[in-house]
Amino acid sequence: MTTTLRRVALASLLTSAAVLAAAPAMATPPAHAGKPTDVRVLAWNIYHGGLDDNWDDVENRQEVIDQIVEVNPDVFFSVETYGAGDAIVDGLEKATGKDWAGVQITPSSTGNDNLWLFTHFDVDEVFPAPTGYQETGSFHLGGARVIADDGRAINAFTMWSNYTNPWVGDLIETNAEDVAAGREPSVPAQEIVDADQRQTRTVAEFLDYVDTHAAPGEPVLMGGDLNTMPGADWTSQWAGCADHFGLSYDLVATDQFTDAGFVDTYRAANPNVCQEPGMTWSPRLDMITPDRIDFIFARGQVVQVKDSYTIAEQPGAEQFSSDHSAVVSDVRIK
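Residues numbered from 1 in each chain as written. Predicted model: local features only at pLDDT ≥ 70, side-chain atom pairs only at ≥ 80, totals over all residues. Heavy atoms only, no water.

1. Side note on the overall build of the protein chain
Then step 1. Along the protein chain, the regular secondary structure elements total 9 helices and 12 strands.
Then step 2. A buried classification covers 53% of the 334 residues belonging to the protein chain.
Then step 3. Look at the contacts in the protein chain between residues 6 or more apart in sequence, and 73% of them connect residues 24 or more apart.
Then step 4. Total accessible area on the protein chain stands at roughly 14500 Å², and carbon and sulfur atoms take up 50% of it. (Helix = DSSP H or I, 4+ residues; strand = E, 2+ residues; numbered from the N terminus. Buried < 20%, exposed > 50% of the residue type's maximum accessible area, 1.4 Å probe, protein only. Contact = heavy atoms within 4.5 Å. Areas by Shrake-Rupley, 256 points an atom, 1.4 Å probe, with all protein chains shown as cover.)

Below is the structure:
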């Protein structure tokens, strides 16, 4: 399959979607009637397309692709894809023997193509780029309606929210270091709450976009890098975790997802925050607090979380191939 055919063109897909929408409904029941389908989802910020140009000048794109192939996802939400899209499709097709669609969410002619969506499912429609938002554009969010092998429709969205300065993770780390050294926390709790709340408008726009484009009643999968911490992990309930140092904060940005009916798949599969912190920032840094800033969310009464885990090590490698851990979730759609 040529590069041109592999890359899904937005205009042609939208035209195809319009034709499909105008077609008469099928009289036969869907292929999945009464049968669940299992879907493996990967969300990963692969760090500058695997070129590492801002960290240590190590080109490890092949190691990134090998890791993706090893996970063997059905849907992959990619952040910081930056020119690696076609190589990822090539690697997945060679390894699996299946045709893969690489949907470039962030248009770019200069290699600044942040978000992509990869899947071996059929792509029924690519949703139009976000418009009219203050914080959100195609660099931050996009998605597609895909059709699983059993004919079931799934709405899939990949996301990235802006890094804010000061960053909530750094502030929490500073207070943890203070407590660990026997000092009083130097960052007021309200400052940390304020840093997290800078993401609330972005998340609200993400959710509005999803509600605008996902068909009612159809399952939704959403994954990527939110650059903030999960509010539910930092409540007073979990202050006693060894790596929370007795600290808790009223973080709210990610609570918007759960308030909107989404399930944090990692936490659903790993409910004990102390035992399974799920660190995704960063496998390359020696931090004393677990920053879980990469997520896979699922919504729909028909969606069940079977398992979820992070990947932060690669056997034989001196360092992990990205500055973010990968997040994998196995979900069952009934």
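2. Quick notes on the packing of aromatic side chains
Centre-to-centre distance and the angle between the planes together describe a pair of aromatic rings.
Then step 1. Inspection of the entire model under this criterion finds 13 aromatic pairs.
Then step 2. With a centroid separation of 5.7 Å and 40° between ring planes, the pair formed by tryptophan 44 and phenylalanine 320 is classed as tilted. Of this pair, tryptophan 44 sits in strand β1 (residues 37–45) while phenylalanine 320 sits in the loop between β11 (303–311) and β12 (326–333), and the two are 276 residues apart along the sequence.
Then step 3. For phenylalanine 320, a relative accessible area of 3% corresponds to the buried category.
Then step 4. Ring centres of phenylalanine 295 and phenylalanine 297 lie 5.4 Å apart, and the angle between their planes is 10°; this geometry places the pair in the stacked category. Just as phenylalanine 295 is buried, phenylalanine 297 falls in that class too.
Then step 5. Ring-pair connections join several aromatic residues into one group, and the members of that group are Phe257, Phe262, Phe295 and Phe297. (Phe/Tyr/Trp six-rings, centres within 6.5 Å; stacked < 30°, edge-to-face > 60°.)

3. Remarks on the pattern of salt bridges
Then step 1. According to the stated counting rule, one finds 12 salt bridges in the structure shown.
Then step 2. Among the salt bridges present, the one from aspartate 211 reaches arginine 299, with a minimum N-O distance of 3.0 Å. You can see aspartate 211 sitting in helix α7 (residues 200–213) and its partner arginine 299 sitting in strand β10 (residues 294–299), a full 88 residues away along the chain.
Then step 3. On the basis of relative accessibility, which here comes to 47%, the residue aspartate 211 falls in the partly exposed class.
Then step 4. As a salt-bridge pair, aspartate 233 and arginine 267 come within 2.9 Å of each other at their nearest N and O atoms. With aspartate 233 in the loop between β8 (220–225) and α8 (255–259) and arginine 267 in helix α9 (residues 265–269), the pair connects residues that are 34 residues apart, well separated along the chain. Of the two residues, aspartate 233 and arginine 267, neither departs from the other in class, the shared state being buried.
Then step 5. What you see here is one network of salt bridges that share partners, running through Asp233, Asp264, Arg267 and Arg292. (Salt bridge = Lys/Arg side-chain N within 4 Å of Asp/Glu carboxyl O.)

4. With respect to unusual backbone geometry
Then step 1. Each neighbour pair has its own omega, and for asparagine 165 with proline 166 the value is 0°, a cis peptide bond.
Then step 2. Positionally, proline 166 belongs in the loop between β7 (153–160) and α5 (168–180).
Then step 3. Omega for the peptide link from tryptophan 281 to serine 282 comes to -5°, which places this bond in the cis form.
Then step 4. For serine 282, the position within the fold is in the loop between α9 and β10.
Then step 5. Phi is positive for histidine 48, close to 55°, though the residue is something other than glycine.
Then step 6. Note on placement: histidine 48 falls in the loop between β1 and α3 (61–71).
Then step 7. For histidine 48, a relative accessible area of 18% translates into the label buried.
Then step 8. Not every positive phi belongs to a glycine, and glutamate 80 is a case in point at roughly 55°.
Then step 9. In this structure, glutamate 80 sits in the loop between β2 (75–79) and α4 (85–96).

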